[in-house]
Amino acid sequence: MLFESARIKFRKMTTNDVQMYNQWRNDLEVMTTTSPSLDLYTEENTHEFVSHVILGSDTSKSYIILDKQCDRSVGIISLIQLDYKNRNAECIIDIGEKDYWGKGYGTEALRLLLDYAFLELNLHRVSLRVFSFNQKAIHLYEKIGFKHEGASRQAIFRDGTWGDIVQMGILQHEYVTAR
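Residues numbered from 1 in each chain as written. Predicted model: local features only at pLDDT ≥ 70, side-chain atom pairs only at ≥ 80, totals over all residues. Heavy atoms only, no water.

### Some thoughts on the packing of aromatic side chains
Alright, step 1. Inspection of every chain in the model, using the stated rule, returns 12 aromatic pairs.
Alright, step 2. Taking 5.3 Å as the distance between ring centres and 35° as the angle between the ring planes, the aromatic pair formed by F3 and Y63 counts as tilted. Of this pair, F3 sits in the segment before β1 (8–12) while Y63 sits in strand β2 (residues 61–67), and the two are 60 residues apart along the sequence.
Alright, step 3. Residue F3 is classed as partly exposed on the basis of its relative accessible area, which comes to 23%.
Alright, step 4. Judged by centre distance (4.8 Å) and plane angle (55°), the ring pair of F157 and W162 falls under tilted.
Alright, step 5. Note on F157: relative accessible area 44%, which makes it partly exposed.
Alright, step 6. Here R25 stacks its cationic end above the ring of Y41, 3.7 Å away from the centre of that ring.
Alright, step 7. Lying over the aromatic face of F49, R25 brings its terminal NZ or CZ to 4.5 Å of the ring centre. (Phe/Tyr/Trp six-rings, centres within 6.5 Å; stacked < 30°, edge-to-face > 60°. Helix = DSSP H or I, 4+ residues; strand = E, 2+ residues; numbered from the N terminus. Buried < 20%, exposed > 50% of the residue type's maximum accessible area, 1.4 Å probe, protein only. Lys NZ or Arg CZ within 6 Å of the ring centre and 35° of its normal.)

So this is what it looks like as structure tokens:
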């Protein structure tokens, strides 16, 4: 079923999610592996970000990931930089609730998003960027079928060390064949 699987479902992000999203943005453990610049954000900062960048863009689609059993918001997933002419987009995922880490929710959410991207929107290609030190995420992306396409060397400075930003992508026929 579109936007729903065995354990999770998606719903559109709204400004009502700002307070929860602000908690995730201010949790350094959550953001260390996904956000290029760590900082602390006020709820007003996050409201402005959500309104203009997430909800105000006509080239992105963002969804809150919900645990179906308890209707709890556990993360956010998005297609950004949607290019309908060339049929491609970039995806972003953050599991903000740490007690959901390592339990397959990210895999399930990403597969739902790719089903939507490839089987409904008829995109040809979905890409993502991941920090080289985020080996768990890289393993997840490889398991789903993403291929390494390159890296921006020493492009992220985290905890006193330089890391690469790895570019990965998956094509529609690769995803459908592996599915």
